[in-house]
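Single-letter residue listing:
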Amino acid sequence: MSDLVLGIGDKNLSSWSLRPWLLLTEAGIPFTEENIRLDRPETREVLREKSPSGLVPYLIHGDVKIWDSLAIMEYVSELFPEKQLWPEDRQARALARSIAAEMHSGFSALRAVWPMMFTRKDMQHTTQSGVSRDIDRINDLWTLCRKTYGAGGDFLFGKFSIADAMYAPVVSRFVTYGPVTLSAEAAAYRDMMIALPAMKKWGDGAQAELAAG
């Protein structure tokens, strides 16, 4: 059993949980998964005991508790420097951190109007209230990263990084609420990400949770 314990919410809905879960899974870092079903009578009490913020996700590592997705991934990056979870090149790393931070704090319209529903596909939904602007910005970022730093592989910066984990829920949203017009580079990236074995594993877990009720 791993000494890293990651607490996550419902896989169909918890976009912030997907991010560190995907990072650990795709990077091949062992961890113990704790599933906290949300919106249940016992949820608040369980989270109060586990998470300092009372929210998911959270990471427990011995006496250390971390309760923010990006902070969790930065901590994991420091624990496993050999995994190179940020790009090695300094300029690429600066861009990766910038777009990860922009995802962390921005795109509020997309989040509010298009909530993650991982198991759903092709739901027609509005692109008003700033959603179209958010889509255009994400398209520009993905295209920039792929054109500038994507030569070493299929991810935003060639190799898988924290930046990819941060945008994984957006990939899901683009499938759920499609079709979304993207550049050739951004569309290829979306298709590659949704086909990742780790993303499929998350989707299988979401389906199982829905079936269980």
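Residues numbered from 1 in each chain as written. Predicted model: local features only at pLDDT ≥ 70, side-chain atom pairs only at ≥ 80, totals over all residues. Heavy atoms only, no water.

Asker: How would you summarise the pattern of salt bridges if you had to cite specific residues and measurements?
Answerer: Pairs may arise between side chains of opposite charge once their charged atoms sit close together. Counted under the stated rule, the structure contains 6 salt bridges. For the salt bridge of Asp 10 with Arg 37, the shortest nitrogen-to-oxygen distance reads 3.1 Å. With a gap of 27 residues between them, Asp 10 in the loop between strand E1 (4-8) and helix H1 (15-26) and Arg 37 in the loop between strand E2 (32-35) and helix H2 (43-50) connect regions that are remote in the sequence. Here Asp 10 falls in the buried class, since its relative accessible area comes to 10%. For Asp 191, the salt bridge is made with Arg 190, and the minimal N-O distance between the two is 3.0 Å. Residue classification places Asp 191 among the partly exposed positions, given a relative accessible area of 42%. (Salt bridge = Lys/Arg side-chain N within 4 Å of Asp/Glu carboxyl O. Helix = DSSP H or I, 4+ residues; strand = E, 2+ residues; numbered from the N terminus. Buried < 20%, exposed > 50% of the residue type's maximum accessible area, 1.4 Å probe, protein only.)

Asker: Describe H1, with residues and values.
Answerer: Helix length check: H1 (12 residues) gives 16 Å between terminal C-alpha atoms against 16 Å at 1.5 Å per residue, within 8%. Across the 12 residues that make up H1, a large majority, 9, are buried. For H1, the full list of buried residues reads Ser 15, Ser 17, Leu 18, Arg 19, Pro 20, Trp 21, Leu 22, Leu 23 and Leu 24. The first or second residue beyond H1 is Gly 28, which carries a positive phi of 70°. (Expected span 1.5 Å × (residues − 1).)

Asker: So what's going on with the nonpolar core? Which residues, and what values?
Answerer: Counting residues in hydrophobic clusters, the biggest one holds 63 residues, and the most contacted among them are Trp 142, Tyr 167 and Phe 174. A total of 9 residues in this core trace back to one element, the largest contributor, which is helix H7 (residues 162-176). If we ignore the near neighbours within four places in the chain, the residues touching Phe 174 are Leu 110, Trp 114, Ile 135, Ile 138, Trp 142, Val 180, Leu 182 and Arg 190. Val 5, Ile 36, Val 56 and Ile 60 belong to the second-largest nonpolar core, a separate cluster that totals 6 residues. (Core = buried A, V, L, I, M, F, W, Y, C linked by side-chain atoms within 4.5 Å. Contact = heavy atoms within 4.5 Å.)

Purely geometric stuff here, so don't read any function into it on its own.
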